[in-house]
Amino acid sequence: MLTLVEANCADSGPRTQTLHLIDELKQLGATVRTVGAEHAKEIDAVMDDPNERIVVAADTDEQVNAVLARVVRRSAPAPSERPDSLPAGRTLPDLPPLALLPLGTAPGLVKHFGLPTAPAEVAAAVMGGKVRRTDIMRHDGGGVCADGVRLGGGDRPWRGMVNLDDAVLADGSEQILACVVANADGYAAADDMVLAEPDPTDGKIDVAVAVPVTVGRWRKKVRIEVRRARGRAVAIHPEDSVTYISDGLVDELKRKRTWWVEPGAAGWYVSEA
């Protein structure tokens, strides 16, 4: 059985891409059912069968994140019940693989993870069964992130502490122009400045902080210094609050938060070639 989850059904327009994919899947011999998911919990029943192959039709990273977060919630054992069989450095088992059918503007994850885009390509990928494993990030607020996080940017500097493993990237005494926590390329830049070059399969997250630094003894000027590090977990503690965007979700961070990497936890159906 193959299930097509329409993650954007609450505000869906023409379903041309979705209908095209269904036709392609049936031509390849698949039995297809569709599930309209206005709320992430509506995919719970889809996950009851471990042999189910899932395609998510979405046009934003936010929609994909909602489905992925639900998959994580369903799959993650409680901290006190984590089995010894979990892969090293992980709090999650391997998550069920997903295929993505991009709609409209298309989720950035499709590009950043090198996933197929056309309905025929998506159908061939999911039926072919080839899966690419990538890292994802979780945080202590209960959320999940596949692409990355960007904090600040624009004309609103902020202050806070940024610590990646044992590296101190900001101690709270300086203004921060922007900070990125990157798993893939979607949030690796800020204000047209590339801050990180992450690899979503290397088992690490890339963190970069851009701070203004005054240089020159006599004729002082300000330059932007970028501090970079790569590791497993980052803790960010803003002095006040800072706006951030994570997989398309915009929010305010008002207290300390820790993100950590789950190496190879996510799976995506990809083309055989």
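Located above this text is the structure these notes cover.
Let us look at the structure shown here. (Residues numbered from 1 in each chain as written. Predicted model: local features only at pLDDT ≥ 70, side-chain atom pairs only at ≥ 80, totals over all residues. Heavy atoms only, no water.)

In this fold, R138 is placed in strand 5 (residues 131-139). For the buried residue R138, which engages in no salt bridge, the nearest side chain bearing the opposite charge is E262, 4.1 Å off. Within the structure, R138 has its side chain in polar contact with the side chain of T91 (distance 2.8 Å). (Helix = DSSP H or I, 4+ residues; strand = E, 2+ residues; numbered from the N terminus. Buried < 20%, exposed > 50% of the residue type's maximum accessible area, 1.4 Å probe, protein only. Lys, Arg positive; Asp, Glu negative; His and termini not counted. Salt bridge = Lys/Arg side-chain N within 4 Å of Asp/Glu carboxyl O. Polar contact = N/O pair within 3.5 Å; in protein donor to acceptor, adjacent residues only side chain to side chain.)

To continue, consider the environment of L103. Mapped onto the fold, L103 is located in the loop between strand 4 (98-102) and helix 3 (108-112). Exposure remark for L103: the relative accessible area of 11% places this residue in the buried category. In this structure, the C-alpha to C-alpha distance between L103 and V234, residues 131 residues apart in sequence, is 33 Å.

As a packed pair, helix 1 (residues 16-27) and helix 4 (residues 119-128) sit with axes 8 Å apart at the nearest point and diverge in direction by 45°. Relative to helix 4, the element helix 1 is oriented oblique. The interaxial crossing formed by helix 1 with helix 4 has right-handed handedness. Each of Q17, H20, L21, E24 and L25 in helix 1 lies in contact with helix 4, whose residues at this interface are P119, A120, V122, A123, V126 and M127. Along the lines of polarity and charge, the residues of the contact of helix 1 with helix 4 split into eight nonpolar, two polar and one charged. (Axes fitted to C-alpha atoms, helices over the stretch in contact; angles between N-to-C directions. Parallel < 35°, antiparallel > 145°, perpendicular 65-115°, else oblique. Left-handed = near helix turned anticlockwise from the far one by under 90°. Contact = heavy atoms within 4.5 Å. Nonpolar A, V, L, I, M, F, W, Y, C, P; charged D, E, K, R; others polar.)

Pairing between strand 7 (residues 148-152) and strand 10 (residues 178-182): five bridges, direction antiparallel. Within strand 10, the position partnered with G152 by the bridge is A178. Summarising the sheet, strand 7 and strand 16 (residues 242-246) pair through three bridges and their orientation is antiparallel. The partner of R150 across the bridge, within strand 16, is I245. (Pairing = 2+ DSSP bridges.)

On to the packing of aromatic side chains, then. On inspection of all chains with the given rule, the structure shows one aromatic pair. With a centroid separation of 5.5 Å and an interplanar angle of 55°, the aromatic rings of F113 and W268 are classed as tilted. With F113 in the loop between helix 3 and helix 4 and W268 in strand 18 (residues 257-269), the pair connects residues that are 155 residues apart, well separated along the chain. In this pair, the class of F113 matches that of W268, namely buried. (Phe/Tyr/Trp six-rings, centres within 6.5 Å; stacked < 30°, edge-to-face > 60°.)

Let's shift gears to a negative patch on the surface. Residues E239, D240, D251 and E252 make up a contiguous surface patch of negative charge. Mapping E239 onto the fold places it in the loop between strand 15 (233-238) and strand 16. A relative accessible area of 60% means that E239 is categorised as exposed. (Patch = residues over 30% accessible without salt bridge, like charges linked within 9 Å, V, L, I, M, F, W, Y side chains within 5 Å. Areas by Shrake-Rupley, 256 points an atom, 1.4 Å probe, with all protein chains shown as cover. Charge placed at Lys NZ, Arg CZ, Asp CG, Glu CD.)

Below, the discussion takes up helix 1. Relative to the 16 Å expected for 12 residues at 1.5 Å per residue, helix 1 spans 17 Å between its end C-alpha atoms, a close match to the ideal helical length. Along its buried surface, helix 1 packs onto strand 1 (2-6), strand 2 (32-36), strand 3 (53-58), strand 4 and helix 4. Note on helix 1: the residue one or two positions beyond its end, G29, has a positive phi of about 95°. (Expected span 1.5 Å × (residues − 1).)

The next subject is the nonpolar core. Membership of the largest hydrophobic core comes to 31 residues, with the highest contact counts inside it found for V56, L100, I136 and W268. Taken together, the elements giving at least two residues each to this core come down to strand 3, helix 2 (61-75), strand 4, helix 3 and strand 18. Among the elements that line this core, the one with the most residues is helix 2, at five residues. Apart from the residues lying within four places of it in its own chain, the contact partners of L100 are V56, V64, L109, V110, L115, P116, V122 and W268. W158, I176, A229 and Y244 belong to the second-largest nonpolar core, a separate cluster that totals 25 residues. (Core = buried A, V, L, I, M, F, W, Y, C linked by side-chain atoms within 4.5 Å.)

The next point concerns the pairing of strand 4. Within strand 4, five of the five residues are buried, which leaves it mostly tucked inside the rest of the structure. Side chains L98, L100 and P102 of strand 4 all project onto a buried face; the interleaved residues A99 and L101 project onto the opposite face, where all are buried too. Across five bridges, strand 3 lies against strand 4 in parallel orientation. The residue of strand 4 that forms the bridge with V56 is L100. Remark: the strand 3/helix 2/strand 4 crossover connection has right-handed handedness. (Right-handed = clockwise from strand over helix to strand, strands pointing away.)

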